[in-house]
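What follows is the residue order along each chain.
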Amino acid sequence: MTGIIAAMSCEAELILNVMQNKAPRALCGITFWQGKVGGEDVVLATCGVGKVFAAACAVAMIMEFKPDRIINTGVAGAVSSEVNKLDTVVATALVQHDMDTTPLGDDPGLISGINKVFFETDRSLSDELYGFVELCGGKAKRGVVATGDQFVADNETKKRISTLFGASCADMEGGAIAQVCFVNNVPFAALRTMSDGADGDASGDFAEFCNKAAKISSNVLISYLNSIKA
Ligand code: ADE
């Protein structure tokens, strides 16, 4: 079974529309839809925006549905000059850019206890998703996704995130899901299509491109799920 987590309904609705035999189940205030896409058993959740909802959703999904892998889909803001609006970043690793115990001598982004800054994604799953971005006519990039409880919309923050972490884009959920998957040994991948450039124009661009970007990411995921043999 493949678990899919999106933050907003516009990032999940295309997948929900093609899901067969779907049944809802509410946990932690989140609706989990179980069904089939192509031959694949899927559980799909729209977790809400931010790291707390994302982590709660990932924990509930893993405990209750025991997915073999989890994929995070949705939109993000580009923080690298090599990534453009509507490009799709397939995450090589995720980091939490707002995790900061540097006054204690730690590296920026370090998660104490497990001593990790970057959560690497599952290589073969990510390679497959990358191939489907191209097959679907999208522009595929690989890179680090930087997560924080912040909609990045200024050049200073954008530069900090790209310089400190070598990130390609910023989102608000991926790093939290990656951490939950890591501690539970669940293979994880993330697919994010750029709605904006995380700069001074980001709020206007987000309003204009969010739906279009969300559809690109969803279509890639649907193509991937349809390719899995029953
Ligand atoms: N998701 C889409 N655009 C974003 C941005 N600029 N910052 C954080 N998350 C985002």
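Remember, predicted model here, so these are calculated numbers, not experimental data.

Criteria and cut-off values
Residues numbered from 1 in each chain as written. Predicted model: local features only at pLDDT ≥ 70, side-chain atom pairs only at ≥ 80, totals over all residues. Heavy atoms only, no water. Helix = DSSP H or I, 4+ residues; strand = E, 2+ residues; numbered from the N terminus. Phe/Tyr/Trp six-rings, centres within 6.5 Å; stacked < 30°, edge-to-face > 60°. Lys NZ or Arg CZ within 6 Å of the ring centre and 35° of its normal. Buried < 20%, exposed > 50% of the residue type's maximum accessible area, 1.4 Å probe, protein only. Pairing = 2+ DSSP bridges. Near = heavy atom within 4 Å. Polar contact = N/O pair within 3.5 Å; in protein donor to acceptor, adjacent residues only side chain to side chain. Nonpolar A, V, L, I, M, F, W, Y, C, P; charged D, E, K, R; others polar. Core = buried A, V, L, I, M, F, W, Y, C linked by side-chain atoms within 4.5 Å. Salt bridge = Lys/Arg side-chain N within 4 Å of Asp/Glu carboxyl O. Arc of directions from axis to C-beta. Contact = heavy atoms within 4.5 Å.

Undergrad: Help me out: how do you make sense of unusual backbone geometry in this one?
TA: Trans peptide bonds make up the majority, and among non-glycine residues the majority have a negative phi. In this structure, Cys-28 is a non-glycine residue whose phi angle is positive, near 55°. Turning to its location among the elements, Cys-28 is positioned in the loop between strand 2 (20-27) and strand 3 (30-37). At Asn-115, a position not held by glycine, the phi torsion is positive, near 55°. Note that Asn-115 resides in the loop between strand 6 (88-96) and strand 7 (119-120).

Undergrad: Whenever I open this one, the packing of aromatic side chains confuses me. Can you help?
TA: To describe a pair of aromatic rings, you give the distance between the ring centres and the angle between the ring planes. Tallied over the full model, the rule gives 4 aromatic pairs. Look at Phe-132 and Tyr-224: their rings are 6.2 Å apart centre to centre, the planes differ by 75°, and that puts the pair in the edge-to-face class. Linking Phe-132 in helix 3 (residues 123-135) with Tyr-224 in helix 6 (residues 202-227), this pair joins segments that are 92 residues apart in sequence. Directly above the aromatic system of Tyr-130 lies the positively charged group of Arg-142, at a separation of 4.1 Å from the ring centroid.

Undergrad: How do you make sense of the pairing of strand 1 (residues 2-6) when you look at a structure like this?
TA: For a regular strand, side-chain orientation follows a simple rule: the groups alternate between the two sheet faces. Here strand 1 lies mainly inside the structure; 5 of its 5 residues are buried. Residues Thr-2, Ile-4 and Ala-6 point to one face of strand 1 and Gly-3 and Ile-5 to the other, with burial holding for every one of them. Sheet analysis places strand 1 next to strand 4 (residues 40-46), joined by 5 bridges and oriented parallel. Its bridge partner lying in strand 4, Thr-2 is registered against Val-42. Pairing of strand 1 with strand 5 (residues 69-78), which is carried by 4 bridges, proceeds in the parallel orientation. When the sheet's bridge partners are listed, Ile-5 is paired in strand 5 with Asn-72.

Undergrad: What is the right way to read the site of the ligand from this model?
TA: As a matter of local geometry, the ligand sits amid 13 residues, with Gly-77, Phe-151, Val-152, Ala-170 and Asp-196 nearest to it. At 3.3 Å, a backbone N or O of Gly-77 approaches a nitrogen atom of the ligand. Here a nitrogen atom of the ligand and a backbone polar atom of Ala-170 are 3.4 Å apart. Contributing elements (two or more residues each) for the shell around the ligand: strand 5, strand 9 (167-171) and strand 10 (188-196). The element that contributes the greatest number of residues to the shell around the ligand is strand 5, accounting for 3 residues. Split by residue class, the shell around the ligand holds 8 nonpolar, 3 polar and 2 charged.

Undergrad: Would you mind showing me how to read the nonpolar core here?
TA: Generally speaking, nonpolar side chains in soluble globular proteins are found buried as a group. If you look at the biggest cluster of nonpolar residues, it comprises 35 residues, and the most contacted ones within it are Ile-5, Phe-32, Ile-70, Ile-177 and Phe-188. The leading source of residues in this core is helix 2 (residues 51-65), at 7 residues. In terms of nonpolar packing, the next biggest core, distinct from the first, is built from 24 residues, Ala-6, Leu-125, Leu-129 and Leu-221 among them.

Undergrad: How do you make sense of the pattern of salt bridges when you look at a structure like this?
TA: Pairs can form between side chains of opposite charge once their charged atoms are near each other. Enumeration according to the criterion identifies 11 salt bridges in this entry. Linking Asp-98 and Lys-51 is a salt bridge whose minimum nitrogen-to-oxygen distance equals 2.7 Å. Remark: Lys-51 occurs in helix 2 and Asp-98 occurs in the loop between strand 6 and strand 7; sequence separation between them is 47 residues. Given a relative accessible area of 32%, Asp-98 falls into the partly exposed group. The partner of Asp-171 in a salt bridge is Arg-192, and the shortest N-O contact between them spans 3.0 Å.

Undergrad: Would you mind going over helix 4 (residues 155-165) with me for this structure?
TA: The complete set of buried residues in helix 4 reads Thr-157, Lys-158, Ile-161 and Phe-165. Down the axis of helix 4, the buried set is contained in an arc of 105°. They therefore lie on one face. In helix 4, the exposed positions that point more than 90 degrees away from the buried face belong to Asn-155, Glu-156, Lys-159 and Thr-163. As for helix 4, its buried residues are in contact with strand 5, strand 6, strand 8 (140-147) and strand 9.

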